[in-house]
Amino acid sequence: MTPRAADRARYDRATAHLDAPLAVVDLDAFDANADDLVRRAAGKPIRVASKSVRCRALLERVLARDGFAGVMSFTLAESLWLARAGFDDVLLAYPSVDRSAFAELAADPKLAAAVTVMVDDPAQLDLVDLSRAGGTEEIRVCLELDTALRLFGGRVRIGARRSPLREPAQLAELARSIARRPGFRLVGLMAYEGHVAGVGDSVAGRPLRSRAVRLMQSAARKELAERRRAVVRAVRLVAPELEFVNGGGTGSVQHTAAEDSVTEIAAGSGLYVPRLFDNYTSFRGRPAALFAQPVVRRPGVGVVTVLGGGYPASGAPGRDRLPEPYLPEGLRYDAQEGAGEVQTPLLGSAADDLLIGDRVWFRHAKAGELCERFDELLLIEGDRVTATVPTYRGEGRTYL
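Note on numbering: residues in each chain are counted from 1, in written sequence order. The model is predicted, so local features are restricted to residues of pLDDT at least 70 and side-chain atom pairs to those at 80 or more, both for listing and for counting; the totals for chains, interfaces and linings are taken over all residues. Note that water and hydrogens are dropped before the side-chain values are worked out from all heavy atoms of the structure.

The protein chain has the name Amino acid deaminase/aldolase in an unreviewed UniProt entry, where Streptomyces niveus is given as its organism.

Structure below.
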């Protein structure tokens with residue numbers, strides 16, 4: 001029996017008493033992945049990206065482990081909810097224009113002490129002030145650095161379009177603006193190198209593309225390390241008590257951790273290890289989060305149909321955004337139908353061994369987005385479900 005077949009047998013035994021569709025997290029794999037992230041971070045704390053987990057119980061589990069500290073959230077409303085639930089170090093990774101949430105933040109000392117918001121434009125500070133509604137608490141803020149690699153005099157850009165702040169002088173100027181402005185305190189700097197941390201460099205069957213990605217990432221790491229060092233130096237001249245410099249992501253943990261100017265690493269997807277994180281030379285994780293769809297039809301030889309399954313991931317549309325039929329091995333989508341809204345036909349010789357009511361186990365393309373489809377996660381240890389925990393959605397928290 002292959003390791004994957006053994007996993008399938010475990011998952012089927014653990015959930016045999018339950019009806020699919022359902023979603024599981026294999027805690028042995030989850031914990032092993034957490035250990036590997038800590039190993040690669042080489043002593044620097046890891047701030048957990050909540051968008052890649054979207055389950056309070058699992059956020060609490062990983063933060064209870066040595067090597068993890070703080071949450072990186074994705075909306076201000078989520079940040080306030082987490083802070084009220086006892087998470088005392090929440091960095092909002094994206095600028096917000098949620099006026100009612102800013103009013104709550106400015107009026108509550110506990111929330112203001114726990115939550116740090118992201119800014120990259122003075123207009124965002126103006127919006128906070130206009131939203132205070134009488135609240136006088138000091139707002140903790142973090143600056144974001146644009147990490148994109150620019151080539152050929154800027155004519156070619158590689159990297160996410162995030163912050164407009166790129167050069168040390170730009171970040172230092174905004175830092176000075178914050179220092180002059182009552183009601184705000186600059187406490188951090190963030191730089192997320194998604195083109196390094198979130199792009200696989202070893203894609204099966206595409207050796208030339210993989211080599212090109214590795215060359216690009218090598219150049220990007222070198223350029224960013226030098227520029228990040230200069231930015232941190234410039235900002236610390238304005239804000240010498242800067243508390244943290246955040247960088248990295250699952251795919252670049254060890255590289256970012258090696259930079260002296262970085263004080264903490266961000267990671268989240270490496271806990272679940274969705275299918276988009278199979279294509280890296282720098283690490284190998286264990287798939288920990290899966291979902292099962294039941295076989296409801298057998299249309300013919302070499303074909304089964306499962307209920308639902310059309311759960312594409314965000315990003316540029318493509319086949320790599322579809323969930324992967326993972327267990328049993330040897331199933332693939334019908335090119336004419338793909339992953340369907342209410343049913344999904346699957347082709348392959350493995351289909352002939354599946355009966356009505358059997359499960360097909362899938363891996364989502366991205367990490368936390370799976371939790372937007374399910375109210376709860378079944379936590380599996382060995383071949384038993386040892387707990388059932390709500391996702392954000394299961395707690396009525398659908399932030400985006």
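We are not done yet, so read on.
### Some remarks on the sheet that holds strand β9 (residues 184–191)
Strand order in this closed barrel of eight strands is β2-β3-β4-β5-β6-β9-β10-β11, and the pairing throughout is parallel. On average, each strand axis in the sheet is tilted by 30° relative to the strand beside it, whichever way the strands run. In this description, strands pair whenever DSSP reports at least two bridges between them. Numbering of helices and strands starts at the N terminus; helices are DSSP runs of H or I of at least 4 residues and strands are runs of E of at least 2. Sheet analysis places β9 next to strand β10 (residues 244–247), joined by four bridges and oriented parallel. In the strand pairing of β10, Gly188 is matched with Phe244. In what follows, residue pairs with any heavy atoms lying within 4.5 Å of each other are defined as contacts. In this description, a line fitted to the C-alpha atoms serves as the axis of each element, helices being fitted only across the stretch in contact, and the angle between N-to-C directions of two axes falls anywhere from 0 to 180 degrees. Helix α3 (residues 56–63) contacts β2 (46–49) and β3 (68–73) of the sheet and is inclined by roughly 150° relative to β3. Helix α10 (residues 207–238) rests against β9 and β10 of the sheet, and its axis sits at about 175° to β9.

### What about the nonpolar core?
Leu58, Tyr272 and Leu377 are the most contacted members of the largest nonpolar core, which totals 89 residues. Ranked by residue count, the leading element in this core is helix α2 (residues 27–41), at six residues. Think of a nonpolar core as a cluster: buried Ala, Val, Leu, Ile, Met, Phe, Trp, Tyr and Cys residues, connected wherever their side-chain atoms sit within 4.5 Å. Categorising residues by exposure relies on relative accessible area from a 1.4 Å probe, with only protein chains included: less than 20% of the type maximum marks a residue as buried, more than 50% marks it as exposed, and the intermediate range marks it as partly exposed. One finds Ala14, Ala20, Ala292 and Tyr326 within the second-largest nonpolar core, a separate group that totals twelve residues.

### Describing the packing of helix α5 (residues 99–107) against helix α7 (residues 122–131)
Following both chains from N to C, one finds α5 and α7 inclined at 70°, their axes separated by 8 Å at the closest point. By the angle between their directions, the pair α5 and α7 is classed as roughly perpendicular. For the pair α5 and α7, the contacting residues are Arg99, Phe102 and Ala103 in the first and Leu127, Val128 and Ser131 in the second. Side-chain classes are defined by residue name, with Ala, Val, Leu, Ile, Met, Phe, Trp, Tyr, Cys and Pro counting as nonpolar, Asp, Glu, Lys and Arg as charged, and the others, Gly among them, as polar. When its residues are assigned to classes, the contact of α5 with α7 shows four nonpolar, one polar and one charged. Should an angle fall under 35 degrees it is called roughly parallel, over 145 degrees roughly antiparallel, and 65 to 115 degrees roughly perpendicular, with every other angle called oblique.

### Here we look at the pairing of β10
Residues in a regular strand project their side chains so that they alternate between the two faces of the sheet. Here β10 shows a buried face lined by Phe244 and Asn246 and a second buried face lined by Val245 and Gly247. Sheet topology places β10 next to strand β11 (residues 264–267); two bridges connect them, and they run parallel. Bridge pairing links Asn246 to Glu264 in β11.

### Considerations on helix α8 (residues 168–180)
Take the number of residues in a helix, subtract one, and multiply by 1.5 Å to get its expected span. The terminal C-alpha atoms of α8, which comprises 13 residues, lie 18 Å apart, in line with the 18 Å expected from a rise of 1.5 Å per residue. Every buried residue belonging to α8 is among Leu171, Ala172, Leu174, Ala175, Ser177 and Ile178, and all of these are buried. Looking at the buried positions of α8, the neighbouring elements they touch are β5 (115–119), α7, β6 (139–144), β9 and α10.

### So, unusual backbone geometry
Of the consecutive residues Ala20 and Pro21, the connecting peptide bond is found in the cis state with omega at 10°. Here the bond from Leu327 into Pro328 is cis, since omega is 0°, no more than 30 degrees from zero. In this fold, Pro328 is placed in the loop between β14 (324–327) and β15 (332–333). In this structure, Ala42 is a non-glycine residue whose phi angle is positive, near 55°. Classification of Ala42 as exposed rests on a relative accessible area of 62%. Although it is not a glycine, Ala133 adopts a positive phi angle of roughly 50°.

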